[in-house]
Amino acid sequence: MRINAVDITSQLIEEHGLQEAYQVALNGAVEAVKSDDNYVLSVMREVKATLRSKIVEQVIAAECTAP
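Residues numbered from 1 in each chain as written. Predicted model: local features only at pLDDT ≥ 70, side-chain atom pairs only at ≥ 80, totals over all residues. Heavy atoms only, no water.

Undergrad: Mind laying out the overall build of the protein, listing which residues take part and the relevant values?
TA: Scanning the protein from N- to C-terminus turns up 3 helices and 0 strands. Along the protein, helices and strands appear, N-terminal first, in the series α-α-α. Across its three principal axes, the protein shows a C-alpha extent of roughly 50 × 20 × 15 Å. A burial count over the protein gives 25% of its 67 residues as buried. Only carbon and sulfur atoms are counted for the fraction: they give 54% of the accessible area of the protein, which is about 4,800 Å². (Helix = DSSP H or I, 4+ residues; strand = E, 2+ residues; numbered from the N terminus. Buried < 20%, exposed > 50% of the residue type's maximum accessible area, 1.4 Å probe, protein only. Areas by Shrake-Rupley, 256 points an atom, 1.4 Å probe, with all protein chains shown as cover.)

Structure follows, in structure tokens:
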């Protein structure tokens, strides 16, 4: 069964908010390493990368609107 990283990212953001979603993804990656699940680890890397990009976008947007 293929895991969709885009769906996971959206679900994590919806459930936890952007910042906490990244922490949840980090924890998921740690668990994947512990269980030697390279597939889930790969998915979590993609999820983390997407979340990082969204966080950077949010920071840049906040800096642009700051007085």
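Undergrad: Any details on the environment of R52? Residues and values, ideally.
TA: The residue R52 is located in helix α3 (residues 38-65) in this model. Along the backbone, R52 and L18 are 34 residues apart, and their C-alpha atoms lie at a distance of 9.2 Å. Within polar-contact distance, the side chain of R52 engages the side chain of Y22 at 3.0 Å. (Polar contact = N/O pair within 3.5 Å; in protein donor to acceptor, adjacent residues only side chain to side chain.)

Undergrad: Which residues make up the packing of helix α1 (residues 5-16) against α3, and what values do they have?
TA: At a minimum axis separation of 9 Å, α1 and α3 run at an interaxial angle of 55 degrees. Taken together, the axes of α1 and α3 lie oblique to each other. Helix-helix and strand crossings are classified by hand; for α1 and α3 the assignment is right-handed. Here α1 contributes A5, I8, T9, L12 and I13 to the contact with α3, which in turn contributes V43, M44, E46, V47, T50, L51 and K54. Class assignment of the residues belonging to the contact of α1 with α3 gives a composition of 8 nonpolar, 2 polar and 2 charged. (Axes fitted to C-alpha atoms, helices over the stretch in contact; angles between N-to-C directions. Parallel < 35°, antiparallel > 145°, perpendicular 65-115°, else oblique. Left-handed = near helix turned anticlockwise from the far one by under 90°. Contact = heavy atoms within 4.5 Å. Nonpolar A, V, L, I, M, F, W, Y, C, P; charged D, E, K, R; others polar.)

Undergrad: Please provide a residue-by-residue account of the confidence of the model for the protein, values included.
TA: Looking at the protein, pLDDT values average 92 and 97% of them are 70 or higher. No element of the protein has a lower mean pLDDT than α3, which averages 93, and none a higher one than helix α2 (residues 18-34), which averages 96. (pLDDT = per-residue confidence, 0-100.)

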